[in-house]
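Chain and residue survey
For reference, the chains in residue letters:
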Amino acid sequence: MFISHPIMTYQNTLEFATQLDEQDPLKDFRSQFLVPQHNGKDAIYLCGNSLGLQPITARQYINDQLTNWKNLAIEGFFNGDDPWLGYHKKLTNTLAGILGAKSEEITVMNSLTVNLHLLMVSFYKPANKRFKILMEGGAFPSDQYAFASQARFHGYDLKDAIIEIFPRKGEFTLRTEDIIQTINDNGDELALVLFGGVNYFTGQLFDMKAITDAAHKVGAYAGFDLAHAAGNVPLELHDWDVDFAAWCSYKYMNSGPGGISGIFINEKHFGDKSLNRFEGWWGFREDKRFLMPPVFEAEKGAAGWQLSTSPIMLLTLHKAALDIFEQAGGIIPLRTKSELLTGYLEFLINEINKSKGDELFTIITPKNKHERGCQLSVVCKQNAKATFNFLTDNGVIGDWREPNVIRLSPVPLYNSFKQVFEAGRILAEAAEGN
Ligand SMILES: *Cc1c(COP(=O)(O)O)cnc(C)c1O
């Protein structure tokens, strides 16, 4: 246990970082991941917000399925230790814990942008006056393109149908009160509030319950893109009464580039015949799927939204990664460490500013740990690109966003306090060169 938690006074020393590592109940999980090398040593990988690291077990999980394919061929769907037909159900319990949902409310399929489109088929039902979508301004580009093309598909002009909400002048993040005000202001014209859970650029964690409540009060659906939230922060999608959500598995869930996406559908919508749904045979009730009747009959729950034969290789990679989440005790212990780890990075960055007597680095991610996940987004006021390159040259892998933002995400499963300390030291060196 972290004995000094929750009242933590951080120190800018290697001894302190080492001590926190010794207290860390999750410290051994790091050895379950493959880390890119830099000069013969593990790089300091702070980029789990873009692509999580490979679990060592991933190769074995893939190999097992290749063996099943070899030995069983078509029979692999029905026979063997883990038949492919229901393989996706082996993931839903763990995901239900991570997302705060009932297992039936979750399924895995496709990739994220595809799922956003499919969910909008169900939950974006513009009619008469009510046709607008409210979203974060400057959302991840794929979301912007997806929402815009859905509005266009329904015959609307973007400038009428899409409302983007931006931070106030001089601020970097959104105030919940402003989001709610915008929802109320557009009340009877709002069809859908479709927000991120954690903003990809600033790392801001939104108050999803408050947003959902406000959307419902004006008669709109509330959905969330959880790409940067799933596996990063605890979620309670069911209790918050969220209508639907989708996420990818390759960021904080370490399931491989282009890994399978997941969706959440609130159980209150399971029986709603008025919801449109694009149908495919993998969403047909499993017990009768192979009778292949002409008229669609949905599998109960979110699985009824599936369309195509499960991509077993992607599912098995996802399972390799989720099994590690299970071993770690789920998202809650991870979050405890995460808050400390990100808090430590924040402390070290502020120490650099203090030593320079100037705010060389402005952290635009909220200071309040309840309003952020792992990631810190750092504006570099001077020589931004050179600073980023210096980090990279010294084995610190973060990522760069034009014009001057470095995103750094210490991930509790595979980053240590010592690594965060080292990253801080290297960043301080970069600042000296400024
Ligand atoms: C990463 C990310 C995506 C990526 O979508 P894909 O379809 O998996 O390429 C979409 N939206 C957000 C908010 C993201 O962070």
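Computed from a predicted structure; not experimentally measured.

Below, the discussion takes up the site of the ligand. The local shell around the ligand consists of L112, T113, F140, D143, D225, A227, H228, Y250 and K251. At 2.5 Å, a side-chain N or O of T113 approaches an oxygen atom of the ligand. H228 is positioned with one of its side-chain polar atoms (N or O) 3.1 Å from an oxygen atom of the ligand. For the ligand, the accessible surface in isolation is 390 Å², of which the surrounding protein chains cover 84%. By residue class, the composition of the shell around the ligand is four nonpolar, two polar and three charged.

Another point: the packing of aromatic side chains. If you walk through the whole model with that rule in mind, you get 22 aromatic pairs. An angle of 55° between the planes, with centres 6.3 Å apart, marks the rings of Y45 and Y414 as tilted. Within this pair, whereas Y45 is found in strand β4 (residues 44-45), its partner Y414 is found in the loop between β17 (405-408) and α12 (417-432), the two being separated by 369 residues in sequence. Given a relative accessible area of 10%, Y45 falls into the buried group.

Between helix α3 (residues 89-99) and helix α9 (residues 312-327), whose axes approach to 10 Å, the crossing angle comes to 45°. Here α3 lies oblique to α9, going by the angle between them. As for the relative orientation of α3 and α9, their crossing is left-handed in sense. The segment α3 lies against α9, with K90, L91, T94, L95 and I98 engaging L315, H318, K319, L322, F325 and E326.

What follows concerns the nonpolar core. Counting residues in each nonpolar core, the largest one holds 65 residues, and the members touching the most others are L99, F195, L226, W247 and L413. It is α9 that contributes the most residues to this core, five residues altogether. Mapped onto the domain boundaries, this core takes at least three residues apiece from domain 1 (14-34 + 331-432) and domain 2 (62-327). Among residues more than four places away in sequence, those in contact with L413 are F29, R30, F33, N254, I324, F325, A328 and L334. Core analysis: the second largest hydrophobic core is formed by 35 residues, F347, L360, V378 and W400 among them.

With domains assigned, the chain is organised as domain 1 (14-34 + 331-432) and domain 2 (62-327). Here the C-alpha centroids of domain 1 and domain 2 sit 30 Å apart. Listed per partner, the contact involves 26 residues of domain 1 and 20 residues of domain 2. Of the roughly 2000 Å² buried at the junction of domain 1 and domain 2 (both faces included), carbon and sulfur atoms supply 65%. The interface formed by domain 1 and domain 2 includes zero salt bridges. Across the domain 1-domain 2 interface, the total number found is nine residue pairs in polar contact (both at pLDDT 80 or more). Counting only elements with at least two residues in the side of domain 1 that touches domain 2, the list comes to α10 (331-356) and β17. Across the side of domain 1 that touches domain 2, the residue classes tally to 12 nonpolar, eight polar and six charged.

Rules of the game
Residues numbered from 1 in each chain as written. Predicted model: local features only at pLDDT ≥ 70, side-chain atom pairs only at ≥ 80, totals over all residues. Heavy atoms only, no water. Near = heavy atom within 4 Å. Polar contact = N/O pair within 3.5 Å; in protein donor to acceptor, adjacent residues only side chain to side chain. Areas by Shrake-Rupley, 256 points an atom, 1.4 Å probe, with all protein chains shown as cover. Nonpolar A, V, L, I, M, F, W, Y, C, P; charged D, E, K, R; others polar. Phe/Tyr/Trp six-rings, centres within 6.5 Å; stacked < 30°, edge-to-face > 60°. Helix = DSSP H or I, 4+ residues; strand = E, 2+ residues; numbered from the N terminus. Buried < 20%, exposed > 50% of the residue type's maximum accessible area, 1.4 Å probe, protein only. Axes fitted to C-alpha atoms, helices over the stretch in contact; angles between N-to-C directions. Parallel < 35°, antiparallel > 145°, perpendicular 65-115°, else oblique. Left-handed = near helix turned anticlockwise from the far one by under 90°. Contact = heavy atoms within 4.5 Å. Core = buried A, V, L, I, M, F, W, Y, C linked by side-chain atoms within 4.5 Å. Domains from an automatic or database assignment. Buried area = accessible area lost by both parts, 1.4 Å probe. Salt bridge = Lys/Arg side-chain N within 4 Å of Asp/Glu carboxyl O.

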